[in-house]
Each structure stands twice: as C-alpha cells, then as structure tokens.
Amino acid sequence: MSAVLPKRTTHKQNTKRKLFLQLFLFCLLAAVAWNYLGRRSTQQVNPKQDFAELSNDDLLRLAESMYMPPPPLKMDSKTADTARLGRELFLDSGFSANGKISCASCHQPERSFTDGRVTSQGLSETAMNAPTLVNVNSGHWFFWNGRADSLETQATGPVEHPKEQGFSRLKVAYRLKSHYQKKYEKIFGPLPKTLPPESARPATIVNPRVSDEVAAYALATIGHSSLQKNILASARDESVQPIEIIKSLSAFGSDRRVAVEPQQNGPTLSPQEQEEINKIFINFTRAIAAFERTIHAGASPFDSFAESFSKTKNPQKSLGDAFGESELNGLRIFAGKGQCLACHSGPKFTDEQFHNIGLPAMNAKNLDVGRAQGLLMARSDPFNCKSHYFPEKKQTESCLELEYLESENVDAVGAFKTPTLRQLRHSAPYGHDGRFLTLAEVLQHYNELQQPAAVGRTEATLRPLGLTSGELKDLEAFLLSLHGSVTHLTR
C-alpha cells in the first residue's frame, strides 16, 4: 500500500498541473482574441453620419410600407371551428401540472397578449420575457432565439417546459379525450378508443450542444469578468475544458425542453403509440395556432396618419391630436438618425431576424448564446417544418431558411429576435430578458452603447446615436403611436 499511494498522488498532481496550464493558455488566447476583436470592431465603426431630410414623397412611401391593414373579415368554417377550439385550449389551465397555468397566463388578452412581468411566470419563473402575440399570423421564427419555425411548433414548447406548464403530450391527449372529444373529432377525426397508461414514460428531448468552435468564440467574447471567472472555476472543479462548461450551459439552461422527469417505473410507449400521441399533440397545437392567427393589432394613431397621408399627399394636413408634430418628427428620426429601419421595417416593424445589439450581462450566473443554439434546436425539433407532421409548411420562409442557414455562424452568438414595435404601451418591460423597464431606457441604450455585449460581438453597424433629449422624446412619441386596438376571436 505504501508503494501505491505516492504514485496516485503524483499522478493527481500532474493532472492538476496540466489542467491549470491548459486554463492559463486558454485565458491568454481569450485575452488576445478579445483584444483583436475589440480593435477590429473599433475600426469598423464609422464616424457619425449626417442623414438627409426625407422628402414628402419618400416619407409617403415609407408610411405606406408600414401601414397595418385591417384583418380579413371572414374565415372558412373549418378554420373558424379550429380557431374556436384553439381559444378554449389557450385559456384552459387544465393543460398544466398544477392546473393553474394556461397559455393566457403569460399572454393575457387585456395586456395585448403579454404579462407585464420582467420574465414570465409559469410553474416557476423563467429566464425570458413574454413577447406579445399580436400580428403573429405572418411570423416565421418564434421564441427569442428562433428555436421554432412555425406557430404550431412554438405551441409545443410551453406545454412541455418544466418551468412553464410542465405537462406531457400524453396528458394532453387524455385531457382532450375527457373534455374536448366532440369538438376535437369534428375537426381532426376520431381519437383512439383507448390511450396508453397515463404513467407511460414520455419522449425525452435532448437539446443539441453548440460546437467547440462556437463555444470557444462565446468564451473569448464574454463581456463580464465575473462570468468568465465562474466558468473557469467550474472547469477547474470539474476537470474539463472551459468550452465544455459553455456547451453545457447553453444546452441545458433556460430553453431545456424536457417536460417532466420520466416515470422510473412506468411503461415505455411503443413507436406506434408514440406516433399516435404525437399526432394528437400536433392537432392540439394546430388549434392553438389557428386562434393565435386571429390576434390582430392595428388602427393605431400612426395607421390613421398613414391612411390620411396616402390621400392628402401632405404630412402636415394629415396630423391630428394623437399623431402630431412630435410623432411626425419622431417618424423622421426613426427613418434617419435613429437608424431603426435596419431592423424594424414593414407593418409589424420587425425584420423577423436576429441581432446582437450589445446588451451587457445582467447576471453572472446565466449565459444565453441566443440564436447560435436556437437554430440548432429548430433543426433538431421533431415537429419542425421538415417533419412529416407539417407537409403544408415546406414552402414557408422559415422552412426555406432552415435548409441553408449556417449553424456554425459565430455572428449568431448572443443574437436575439427583433421584436415588433407595435403595442409598446402594453409590452413593457422590454428586451428578451425584460431588462428595460421603460421605453426611455431602451432608447438610451441605443443612444450610448457604452458597454460590451454579454456574449458575442455587437453588430458593427450599430453605433451610438447621439440624439438630443428632445429627439429622444419625439422618437418615443412616434413609437407609442404604434399602439392600436387589438382584435381576436372571442367566441
């Protein structure tokens, strides 16, 4: 025994020395990369630009391109029946582990389908702010990291998320059969006469991990020293490379989509049973998506101005009490000095894409690589548009993008979806993590851009706006003029 112990001790010491050497070299390389990227980013920032005043013709074309038309007045009978069922399912808290959480818990109709919280609250608090559901009928990427390529796929997530509704697709089938069988079968056909035992183990979904290259880039660009130290300390304690900590955090963090822990002693669903349950589950989400497509917000003060401007061809003659000189000046700033059109265009005021806007770290214990993992999750989702469950989705914009988007693109690290700018009066707090309590705080962030992004690199096209306090007030007035009446299926 005395001859063996020293060898083990020496081996352990050598292992620690190697690990510390690896960590030192990695920190050195990360520092060099950070310095290089910082200099490169500085070199790419252009001097402050002068923006020409928009002509009335240019302003008219812009206003017309952002006008939100009224929603269609009619649906065919089957779509209407599906949306009516979807509304009931959307409001039903019985599709949750505690019987208290529904889709409407985080998307409240009276708040323009948001919840007014910093981050949403389901069975427990999540890490994300609940976005509005207004005008989602024409959307094509969903969730802040875009991990769902359709409304139907999006609807599968919260039901099975352990922090949101904590349910399972098998339990969804049971509740549909016990509470909605007649309505369901009218639309989708007969439910099975018998279902598998409710204790059967559900399918487990394992989120894909980002690659070594993306994880290394994320680590090298972390803009919070405390988070860097935590990751290096975790790597030391677990005797792994730091990039493995990054990959674990991003794979099993706030977006983990495993419903509830599988029953240890329950039976396993056969492939045929699993397929049958999946089809029922997808029909459940089809109904919810059909209802969500009826949620529309328009008829805002801006829309009234744009409609009048299109007739008068004179912006001054189109002003009113709700859209006056301040809002008009804000529109000009929005299209010019504010540089907002780069991401916020069209009637919904969003390009539906993903950008790293230089948000600094809020919590050193959390790391979210954003779109860098969201695309991987969308590609691996069993209910994405490429699956046999959605043959009608093959030609959607997101489905076509899913085919060719580069999953190893480091520019996706720390990038999140561009939100709509409509209904801003109800959608505070703002940002994917709800960090901005007021719209003024959002504008101040863009006006200064003083801090490094939490992870990844801020887009080179972004630069401090340098707007005056009066210009910021006018821009805010314009943004608030985008708030209009919300309509949706009510019965």
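Residues numbered from 1 in each chain as written. Predicted model: local features only at pLDDT ≥ 70, side-chain atom pairs only at ≥ 80, totals over all residues. Heavy atoms only, no water.

## Thoughts on the pattern of salt bridges
When the charged atoms of two side chains with opposite charge come close together, those side chains can pair. For the structure shown, the criterion picks out 19 salt bridges. Here Lys 337 and Glu 471 are joined by a salt bridge, their closest N and O atoms 2.7 Å apart. Of this pair, Lys 337 sits in the loop between α13 (325-335) and β2 (354-355) while Glu 471 sits in helix α17 (residues 469-480), placing them 134 residues apart in sequence. Given a relative accessible area of 40%, Lys 337 falls into the partly exposed group. Judged by its relative accessible area of 15%, Glu 471 falls in the buried class. A single network of salt bridges, built from pairs that share partners, joins Asp 81, Arg 84 and Lys 186. (Salt bridge = Lys/Arg side-chain N within 4 Å of Asp/Glu carboxyl O. Helix = DSSP H or I, 4+ residues; strand = E, 2+ residues; numbered from the N terminus. Buried < 20%, exposed > 50% of the residue type's maximum accessible area, 1.4 Å probe, protein only.)

## Brief notes about the environment of Asn 356
Turning to its location among the elements, Asn 356 is positioned in the loop between β2 and α14 (371-380). The buried category is assigned to Asn 356, whose relative accessible area is 2%. Distance in space between the C-alpha atoms of Asn 356 and Val 455 is 8.8 Å, their sequence separation being 99 residues. Every residue in contact with Asn 356, bar those within four places of it in the chain, is listed here: Val 413, Gly 414, Ala 415, Ala 453, Val 455, Gly 456, Arg 457, Thr 458, Glu 459 and Leu 462. Of note is the side chain of Asn 356, whose polar atom sits 3.1 Å from the backbone oxygen of Val 413. A distance of 3.1 Å separates a polar side-chain atom of Asn 356 from the backbone oxygen of Val 455. (Contact = heavy atoms within 4.5 Å. Polar contact = N/O pair within 3.5 Å; in protein donor to acceptor, adjacent residues only side chain to side chain.)

## A few points about the nonpolar core
Formed by 45 residues in total, the largest nonpolar core has its most connected members in Leu 89, Phe 90, Phe 95, Val 172, Leu 176 and Phe 284. Mapped onto this core, the elements with two or more residues apiece are α3 (77-91), α4 (103-106), α5 (151-160), α6 (169-179), α7 (181-188) and α11 (271-292). With ten residues, α11 is the single largest residue contributor to this core. When sequence neighbours within four positions are dropped, the list of residues in contact with Phe 90 reads Ser 102, Cys 103, Ala 104, His 107, Phe 113, Leu 133, Ile 288, Phe 291 and Glu 292. (Core = buried A, V, L, I, M, F, W, Y, C linked by side-chain atoms within 4.5 Å.)

## Considerations on unusual backbone geometry
Trans is the common state for peptide bonds, and a negative phi is the common state for residues other than glycine. The omega torsion of the bond from Ala 428 to Pro 429 falls at -5°, within 30 degrees of zero and hence cis. With respect to the element layout, Pro 429 can be found in the loop between β3 (416-417) and α16 (439-448). A positive phi is found at Leu 449, a non-glycine position, where the angle reads about 45°. By the element assignment, Leu 449 lies in the loop between α16 and α17.

## Comments concerning the state of the cysteines
In protein structure, a disulfide is the covalent linkage between the sulfur atoms of two cysteines. Going through the model one piece at a time under the given rule, you end up with one disulfide. A sulfur-sulfur distance of 2.2 Å marks the disulfide that ties Cys 385 to Cys 399. Of note, the bridge from Cys 385 to Cys 399 carries an S-S torsion of about 95° and is right-handed in sense. You can see Cys 385 sitting in the loop between α14 and α15 (397-404) and its partner Cys 399 sitting in helix α15, a full 14 residues away along the chain. A relative accessible area of 1% places Cys 385 in the buried class. With relative accessibility at 0%, the residue Cys 399 sits in the buried group. Free of any disulfide, Cys 340 has its nearest cysteine sulfur in Cys 343, 9.1 Å distant. Assessed through its relative accessible area of 15%, Cys 340 is described here as buried. (Disulfide = S-S within 2.5 Å.)

## Here we look at α6
The α-helix advances 3.6 residues per turn, and as a result positions three or four apart in sequence lie on the same side. When we look at burial in α6, the residues that qualify are Arg 169, Leu 170, Val 172, Ala 173, Arg 175 and Leu 176. Structurally, α6 contributes buried residues whose contacts are with α3, α5, α7 and α11.

## Some details on the side chain of Asn 447
Looking at the secondary structure, you find Asn 447 in helix α16. Reaching out from Asn 447, the side chain makes a polar contact with the backbone nitrogen of Leu 467 at a distance of 2.7 Å. Apart from residues no more than four positions distant in its own chain, Asn 447 is found in contact with Pro 464, Leu 465, Gly 466, Leu 467 and Leu 472.

## Points about the environment of Arg 175
Inspection of the secondary structure assignment puts Arg 175 in helix α6. The spatial distance from the C-alpha of Arg 175 to the C-alpha of Phe 95 is 7.5 Å, given a sequence separation of 80 residues. Beyond its immediate sequence surroundings of up to four residues, Arg 175 is in contact with Asp 92, Gly 94, Phe 95 and Tyr 180.

## A look at the packing of aromatic side chains
Two aromatic rings are characterised by how far apart their centres lie and by the angle between their planes. Per the stated rule, a full pass over the model turns up 19 aromatic pairs. Note on Phe 90 and Phe 113: the rings are 6.1 Å apart at their centroids and 65° apart in plane angle, and the pair reads as edge-to-face. Pair noted here: Phe 90 is in helix α3 and Phe 113 is in the loop between α4 and α5, with a separation of 23 residues, a long-range link. For the pair formed by Phe 90 and Phe 113, the shared burial category is buried. Following the ring pairs from residue to residue traces out a cluster consisting of Phe 95, Phe 167, Tyr 180, Phe 281, Phe 284, Phe 383 and Tyr 389. Across the ring face of Phe 354, the terminal group of Arg 371 is positioned such that the distance to the ring centre comes to 4.1 Å. (Phe/Tyr/Trp six-rings, centres within 6.5 Å; stacked < 30°, edge-to-face > 60°. Lys NZ or Arg CZ within 6 Å of the ring centre and 35° of its normal.)

This is a description of form; function is not addressed.
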